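# Report on the structure
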Amino acid sequence: MAFQMDNRHRSRDQALTMVKNKRYAPPSARESSETKEATRAPGQGLSQRVERAQQHGDGGRVHANTQYSQQGARGGGRYQDPIPHQPSNDPAKYQAHGCYGRGGPRQRGTPRPYHDGRRSGSGGRGVPTTTSVTLPELHQAPQVHHQVPVVTPSPPETGSSSLHVEVNTGQVQLQFQQLAIPDQSSSIQGMQLAPPSSKSGRFPMRPGKGTSGSRCIVKANHFSAELPDKDLHQYDVSISPDVPLHGVNRAVIGELVTLYRQSHLGGRLPAYDGRKSLYTAGPLPFTTRTFEIVLQDEEDRIGGAQVAQRYAILDIFVTCYSVCSLLIYLPVVRREKHFMVVIKFAARADLHHLAMFLAGKLPDAPQDAIQVLDIVLRELPTARYSPVARSFYSPNLGTRQQLGDGLESWRGFYQSIRPTQMGLSLNIDMSSTAFIEPLPVIDFVAQLLNRNVSIRPLSDADRVKIKKALRGVKVEVTHRGNMRRKYRIFGLTSQAARELTFPIDDHGTMKTVILYFQETYGFNIQHTTLPCLQVGNPQKPNYLPMEVCKIVEGQRYSKRLNDKQITALLKVTCQRPQQRELDILQTVNHNAYHEDPYAQEFGIRIDERLALVEARVLPPPRLKYHDSGREKDVLPRIGQWNMRNKKMVNGGRVNDWICINFSRNVPDSAATSFCRQLAEMCQISGMDFSIDPLFPPLTTRPENVERALRSRYQDAMNALKPLGRQLDLLIVVLPDNNGSLYGNIKRICETDLGLASQCCLTKHVYKRSPQYFANVALKINVKVGGRNTVLVDALSRRIPLVSDRPTIIFGADVSHPHPGEDSSPSIAAVVASQDWPEVTKYAGLVSAQTRRQELIQDLFKVWQDPQRGTVTGGMVKELLISFRRSTGQKPQRIIFYRDGVSEGQFYQVLLYELDAIRKACASLEPNYQPPVTFVVVQKRHHTRLFANNHNDQRSVDGKSGNILPGTVVDSKICHPTEFDFYLCSHAGIQGTSRPAHYHVLWDENKFTADGLQTLTNNLCYTYARCTRSVSVVPPAYYAHLAAFRARFYMEPDTSDGGSVASGVTTSRGPTGARRAAGNVAVKPLPDLKENVKRVMFYC
């Protein structure tokens, strides 16, 4: 039955009822998708080179989460209870860092009674605020009231930029039923939902374990954790006055535990989440208590020599109003901070349900209990190291390595407890990230500018670069001896230090900053031409000369790294598998979990041996090439093959092409000969490619890119249009360091001229490697509509649940802006196969949406058109129509690979996006609901697989030491009951291979384990840009590339040069700006030309 192309929306009854918008924090047992904040930035990684490095091996973790300040120490306290205080000398003291130091002995007064048992201070459990989103309207489940409260702990201290919506379990069950049960009140005429594939709110159960492939044993960086047999209790904690810094909260609770553990806490050592919850192994001897804790600000302490002076010390700063601000410090007076702490019983965690879940007898994981155990095991590392998300870093965990421009790498480790088939498992992995070097600010600026800052004054560009690098950085003064007061930088002065003056009396007598420091401290400022730092309160800033400031140690660098820093960090983080395995074991031994006082308190025992896991190595698929080649097909070996003696299965045609050279280091003769060799390689590979260009290469300067492209294109069209032909391809030679040039070329060609382009770097013009020419030929072929290779099983119709009936395979991803890019939106990308049964060509669509929004908003949309009335559209609908036009058939099965979703977002992403897929199908034709399989692809996790015997060549890649491509694991370290697996589909080149994790959230096609694992592995051999299997299933990979390319249209300066990103097409629909959260308009992406949309130009 043909699609109905009429988009008119007849009637709009609500098919589903509303899910309440709530805040949801991802449970600790589900690993977060870390850099997606970065940016998937990372998600997306920090550049396309990082993404490519991670494809072939572990490029290290570069985190983009906000680092929490963890500074402080202990002070005195007062307990609001009539029981007298008994000091404790227990060695297992609560360790914490904070902004406050230890106070002197205080006389404890009489306790103040706690009257009504209510919590003081801010309420709630410390759930982070995130952007709201409206989920599809689904039925509310009735609220179930329990007589015994169930613990719902706050999330651990992770900085998550993702959107979270709280989902009630009973609610979800009805929501899942609504996704599967036909709805008679459809919002679209004739829309009926597919028959139910599940009668519960659960993800699909594992359909048995796979059996295909050769069996082997691998080791995983998971360590068995024994479930404690103690009752876990949760207590709500309220600290007033409220302090947003977790370090201060920990210092307060740490002092409380030190003072009152034995006397009033029943000898228990509690675990604290840094926010609103406290956990104990057994009950405390009270239901509600109030304590008073006193801490002293450590920055106000003064050294002995200064105390001996017995007079006030004056420190002077010039404010933005040029008024003298005197900061007086009395060495005999200690500034104290008083905190009221209310501890109130909240609930008990049910470990029995956790044990039942781990045994496979219950379908839903009790995330509350798992999270308590995770917080307990994070308690000691949080006190010892610098926590960043779920990782811990320290300069003492490995050698610091300079990254350039004032940055250095710190080694650390990732830690998370997870429920698996072998029970609770502690996942430990090595990690590295960038920290700011604790340098004098003058030295930092010299490194940043790569020159001696005293030689010549700063330019405006220098000032901007310094201000951007130092904004938000904490520094300490060095001219005051032991008085090392700390400040946070927020800007630079417009004047140099020698020009800054301030009044010293009421008569307006002025004094320069330079003279003041000389007279007061005997300090001669050397760099008088440099600006001063603006610190403190932005409303009334204080100024400090750069050379009296030093950067405080332990500040993670969360902004985007440049290419040089990325390269340096990759060199540090890339470890061969055997070395990484050894480092993980040494980390576990160093952590000494058997001696951890918190683990002992809660009865948690960690095995110190890597988990041994059964695995299988799936065979590679046979690939088909053109019959005119000497080799008509090939069986890849260790995940790779080459194009020698082979021709593309469908060669594209390039009759008319031109070349523009933007590199001043490449003469016309070199550009001409390079292009000729490239054209010859395209011919050899099977393309119909004209050897000579339409015009000789044009050499021009990068700043003339817009004029050169338009002028040359117009010249070509003037010559071709009378002949009824079009320009097929533009070849561009770029400087190796080209800044925004690459992005500008792609934006102009794809959104204005409608022209496929191929960019080549100068270094390749001179190297002229045959392998390089062969790889570029592969990219050009698919950009002009060709097809490089297909699976032999696809042509012979032997792929289960794909070859039997028309099947469309989707890939989807969302790219988030880098940290600090507050004005940039997120970009959603969806690609879908356009050929069947080959499933090799993919068309792509993108859409800008609210920043940090993970749900893809434009999968299905409805808008009002002035002429047509109510109109439906969206990315899924467009791609389904495109499939019908390309193949002549409508899809009868949908497989949807969704990239970049953390486990805490599974429910809301599935409910929202599966609902959009349903509506898109129903808008095309009455009763059209093809069965859907929805699979999440996760690459940003920390599970690593190692060969059981590194010398066994049957299970190890001899070159890299990694496990063989095709290694799949669906036991022991996987989910206890749900359908998931780890697949290492690629051959690692350097570092340790990272397997992709696939988790099935919906399966109406009833895949077997072997069926889905084999399909996914085989698809990884069809990636168009190289003759290697890739680490992520190609549709998900293409979606990532599409989202990355679309950012060039908005931010052309994000390119790192070369043809390293992909292109996109924009989805049809309303062209007005979308309103984001806070009523901020999201600028729509520019439309791409129709002739560009028809090809895989994004390769």
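Residues numbered from 1 in each chain as written. Predicted model: local features only at pLDDT ≥ 70, side-chain atom pairs only at ≥ 80, totals over all residues. Heavy atoms only, no water.

## Examining the packing of aromatic side chains
By the definition in use, this model includes 26 aromatic pairs. Consider the rings of W657 and F689, whose centres lie 5.9 Å apart with planes at 50 degrees: the pair is tilted. Of this pair, W657 sits in strand β29 (residues 657–661) while F689 is found in strand β30 (residues 688–689), placing the two residues 32 residues apart along the sequence. Accessibility assignment for this pair places W657 and F689 in one class, buried. Centre to centre, the rings of F981 and Y998 are 5.3 Å apart; their planes meet at 20 degrees, and the pair counts as stacked. Of this pair, F981 sits in strand β44 (residues 980–984) while Y998 is found in strand β45 (residues 996–1003), placing the two residues 17 residues apart along the sequence. In this structure, F981 and Y998 share a single accessibility class: buried. Aromatic ring contacts, followed pair by pair, group Y842, Y1023, Y1037, Y1038 and Y1098 into a single cluster. Cation over ring: K861 sits above W863, and NZ or CZ is 5.7 Å from the ring centre. (Phe/Tyr/Trp six-rings, centres within 6.5 Å; stacked < 30°, edge-to-face > 60°. Helix = DSSP H or I, 4+ residues; strand = E, 2+ residues; numbered from the N terminus. Buried < 20%, exposed > 50% of the residue type's maximum accessible area, 1.4 Å probe, protein only. Lys NZ or Arg CZ within 6 Å of the ring centre and 35° of its normal.)

## Some points on the sheet that holds strand β18 (residues 486–496)
Spatial ordering of the open sheet is given by β22-β21-β18-β17-β23, a layout of five strands whose pairing is antiparallel. Of all the strands in the sheet, the pair left with one neighbour each is β22 (542–545) and β23 (549–551). Across the sheet, the mean angle from the axis of one strand to that of its neighbour is 50 degrees, orientation sign disregarded. Of the strands in this sheet, β17 (474–477), β21 (531–535) and β23 are in contact with helix α7 (residues 441–449), which crosses β23 at around 60 degrees. (Pairing = 2+ DSSP bridges. Axes fitted to C-alpha atoms, helices over the stretch in contact; angles between N-to-C directions. Contact = heavy atoms within 4.5 Å.)

## Details of the pattern of salt bridges
Counted by the stated rule, this structure contains 40 salt bridges. Note that E703 and R701 form a salt bridge whose closest N and O atoms lie 2.5 Å from each other. Residue class for E703 comes out exposed when judged on its relative accessible area of 53%. A salt bridge links R1045 to E750; its shortest N-O distance comes to 2.4 Å. Of this pair, R1045 sits in helix α22 (residues 1034–1050) while E750 sits in helix α15 (residues 741–753); the two residues are 295 residues apart in sequence, bridging distant segments of the chain. According to the relative accessible area criterion, R1045 is buried, its value standing at 0%. One connected set of salt bridges, linked through shared partners, spans R400, E408 and E553. (Salt bridge = Lys/Arg side-chain N within 4 Å of Asp/Glu carboxyl O.)

## Some words on the nonpolar core
Counting 77 residues, the largest nonpolar core has W657, F689, Y897, Y998 and Y1038 as its most contacted members. The contacts of F689, once residues within four sequence positions are left out, are V654, W657, A679, C682, Q683, L729 and I780. Core analysis: the next-biggest nonpolar cluster, separate from the first, contains 58 residues, F291, A369, I604 and L610 among them. (Core = buried A, V, L, I, M, F, W, Y, C linked by side-chain atoms within 4.5 Å.)

## Quick word on unusual backbone geometry
The peptide bond linking S240 to P241 adopts the cis configuration, its omega dihedral lying at 0 degrees. Summarising the element assignment, P241 is placed in the loop between β5 (232–240) and α3 (246–264). Here the bond from W836 into P837 is cis, since omega is 15 degrees, no more than 30 degrees from zero. Checked against the element boundaries, P837 lands in the loop between β36 (826–833) and β37 (842–849). In this structure, L801 takes a positive phi of about 60 degrees despite not being glycine. In this structure, L801 sits in the loop between α18 (792–795) and β35 (807–815). We classify L801 as partly exposed; its relative accessible area is 21%. The phi angle at N927 is positive, at roughly 65 degrees, despite the residue not being glycine. One can find N927 in the loop between α20 (906–922) and β41 (932–938).

## Some words on the sheet that holds strand β27 (residues 633–634)
Here we have three strands laid out as an open sheet, ordered β27-β26-β34, and antiparallel in their pairing. Of all strands in the sheet, those with a lone pairing partner are β27 and β34 (790–791), marking the two edges. Relative to β34, strand β26 (residues 623–624) is paired through two bridges, and the arrangement is antiparallel. Across the sheet, K624 pairs through a bridge with V790, a residue of β34.

## Details of the packing of helix α14 (residues 705–720) against α15
How two helices sit against one another is set out by the angle between their axes and by the gap between those axes. At a minimum axis separation of 10 Å, α14 and α15 run at an interaxial angle of 40 degrees. Classified by the angle their axes make, α14 and α15 are oblique. Relative to α15, α14 is oriented so that their crossing is right-handed. For the pair formed by α14 and α15, the contact residues are V705, E706, L709, R710 and Y713 on the first element and L741, N744, I745, R747, I748, D752 and L753 on the second. Its residues assigned to classes, the contact of α14 with α15 shows seven nonpolar, one polar and four charged. (Parallel < 35°, antiparallel > 145°, perpendicular 65-115°, else oblique. Left-handed = near helix turned anticlockwise from the far one by under 90°. Nonpolar A, V, L, I, M, F, W, Y, C, P; charged D, E, K, R; others polar.)

## Observations concerning the pairing of β44
Summarising burial for β44: five of the five residues are buried, a large majority. The side-chain alternation of β44 yields two buried faces, one formed by D980, Y982 and C984 and the other by F981 and L983. Summarising the sheet, strand β43 (residues 967–969) and β44 pair through three bridges and their orientation is antiparallel. Its bridge partner lying in β44, V968 is registered against L983. Bridge count for β44 against β45 is four bridges, and the pairing is antiparallel. The partner of Y982 across the bridge, within β45, is H997.

## Focus on the packing of α15 against α22
The N-to-C vectors of α15 and α22 enclose an angle of 90 degrees; their axes lie 8 Å apart at closest approach. Judged by the angle between their axes, α15 and α22 are roughly perpendicular. Counted together, Y742, G743, K746, R747, E750 and T751 of α15 and R1045, F1048 and Y1049 of α22 form the full contact between these two elements. Here the residues of the contact of α15 with α22 are counted per class, giving three nonpolar, two polar and four charged.

## A few points about the pairing of β36
For a regular strand, the rule is simple: side chains alternate between the two faces of the sheet. Of all eight residues in β36, eight are buried, a share of seventy percent or more. Direction of pairing for β35 relative to β36: antiparallel, over a ladder of six bridges. Bridge pairing in β36 places D813 opposite A829. Pairing geometry for β36 and β37, over eight bridges, is antiparallel. The residue bridging V830 from the neighbouring strand is L845, located in β37.

## What about the confidence of the model for the protein chain?
Scored by pLDDT, the protein chain comes out at a mean of 80, with 75% of its residues at no less than 70. When the criterion is pLDDT under 50, residues 299–333 qualifies, and its contacts beyond four places in sequence or with other chains add up to 87 contacts. (pLDDT = per-residue confidence, 0-100.)

## Let's talk about helix α5 (residues 351–358)
Along α5, the residues classified as buried are L351, L354, F357 and L358. One side of α5 carries all its buried residues, which in axial view fall inside an arc of 115 degrees. Summarising the contacts, the buried residues of α5 are in contact with β5, β11 (336–349), α6 (367–384), β15 (407–420) and β16 (423–436). By the N-cap criterion, in which a side-chain oxygen at the helix start approaches the backbone nitrogen of a residue two or three places on, α5 is capped by D350, the distance to H352 being 3.0 Å. Looking one or two residues beyond α5, the residue adopting positive phi is G360, at roughly 80 degrees. (Arc of directions from axis to C-beta. Polar contact = N/O pair within 3.5 Å; in protein donor to acceptor, adjacent residues only side chain to side chain.)

## Points about the state of the cysteines
Under the counting rule described, the total for this entry stands at zero disulfides. Unpaired in this structure, C532 has its nearest cysteine sulfur neighbour in C549, at a distance of 8.8 Å. With no disulfide of its own, C675 lies 3.4 Å from the sulfur of C659, the closest cysteine sulfur. Relative accessible area serves as the criterion here: at 2%, C675 is assigned to the buried category. (Disulfide = S-S within 2.5 Å.)

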